[in-house]
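Coordinates in review
Here are the chains, one letter per residue:
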Amino acid sequence: WNNILVNWYISPFLNSDQHRRDVGNATCIIFFQEEGKPFDASQVQELGMVPQIFIVVQPGFKDMGYRVGFFRSGNLQPFDPPVPANHIFLPQTLKDFVLTKVYNGNVMFYYTNPMNRGFMLKRESDISSVVDKYLTL
């Protein structure tokens, strides 16, 4: 999608080890709900600490499109695009909206503690290497 690699794991087709390894280490989880079934957010806690972005897609009224819901972990800052209230997405616009939301959420995820710590340590190390190499006293 837009020259970005997207990995899809279909949970019911995974064994428990694959589920723990792949779904448990994903930053974003997209739930596809059957029409009319309420979403049970309590299942999210069972997925571990890594998943931070959650999108719920459900068929809309009379199969005319899809409803989209979104929530995130508490330490992740809000990010665009906002989900319009009571909006029904047509199939052709659903993919771009959801994947844009996922991409922006992943960018925000890497600027949030504790994930940004790895970037900051690497940046400090790189700056120190440049200073050591080119700064002569």
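Here goes a summary of the coordinates provided. (Residues numbered from 1 in each chain as written. Predicted model: local features only at pLDDT ≥ 70, side-chain atom pairs only at ≥ 80, totals over all residues. Heavy atoms only, no water.)

To continue, consider the sheet that holds strand 1 (residues 28-32). Read across the open sheet, the three strands follow the order 1-2-3; overall the sheet is mixed. The sheet terminates laterally at strand 1 and strand 3 (66-72), the two strands that pair on one side only. Taken pair by pair, the neighbouring strands of this sheet meet at an average axis angle of 15 degrees, ignoring direction. Sheet analysis places strand 1 next to strand 2 (residues 53-59), joined by five bridges and oriented parallel. In the sheet register, Ile30 faces strand 2, and the bridge partner there is Ile55. Contacting strand 1, strand 2 and strand 3, helix 2 (residues 91-109) crosses the sheet at an angle of about 170 degrees to strand 2. (Pairing = 2+ DSSP bridges. Helix = DSSP H or I, 4+ residues; strand = E, 2+ residues; numbered from the N terminus. Axes fitted to C-alpha atoms, helices over the stretch in contact; angles between N-to-C directions. Contact = heavy atoms within 4.5 Å.)

This paragraph deals with the pattern of salt bridges. A pair can form between side chains of opposite charge whenever their charged atoms are brought close. All chains considered together, the criterion is met by two salt bridges. The salt bridge involving Asp17 is made with Arg20; its shortest N-O contact spans 3.6 Å. Highlighted residues: Asp17 and Arg20, both in helix 1 (residues 16-23), separated by three residues, approximately one helical turn. The class of Arg20 is exposed, set by a relative accessible area of 56%. (Salt bridge = Lys/Arg side-chain N within 4 Å of Asp/Glu carboxyl O. Buried < 20%, exposed > 50% of the residue type's maximum accessible area, 1.4 Å probe, protein only.)

Another point: a nonpolar patch on the surface. A cluster of nonpolar residues, Tyr103, Val107 and Tyr111, forms a patch on the protein surface that exposes about 330 Å² of accessible area. Positionally, Tyr111 belongs in the loop between helix 2 and helix 3 (116-134). (Patch = residues over 30% accessible without salt bridge, like charges linked within 9 Å, V, L, I, M, F, W, Y side chains within 5 Å. Areas by Shrake-Rupley, 256 points an atom, 1.4 Å probe, with all protein chains shown as cover.)

Evaluation of the coordinates by the stated rule reveals six aromatic pairs. Measuring from ring centre to ring centre gives 6.4 Å for Phe31 and Phe54, while their planes differ by 25 degrees; the resulting arrangement is stacked. With Phe31 in strand 1 and Phe54 in strand 2, this residue pair connects regions lying 23 residues apart in the sequence. One aromatic cluster is present, formed by Phe31, Phe39, Phe54 and Phe71 through successive ring pairs. For Lys101, the ring lying beneath its charged end belongs to Phe70, and the centroid distance is 4.2 Å. (Phe/Tyr/Trp six-rings, centres within 6.5 Å; stacked < 30°, edge-to-face > 60°. Lys NZ or Arg CZ within 6 Å of the ring centre and 35° of its normal.)

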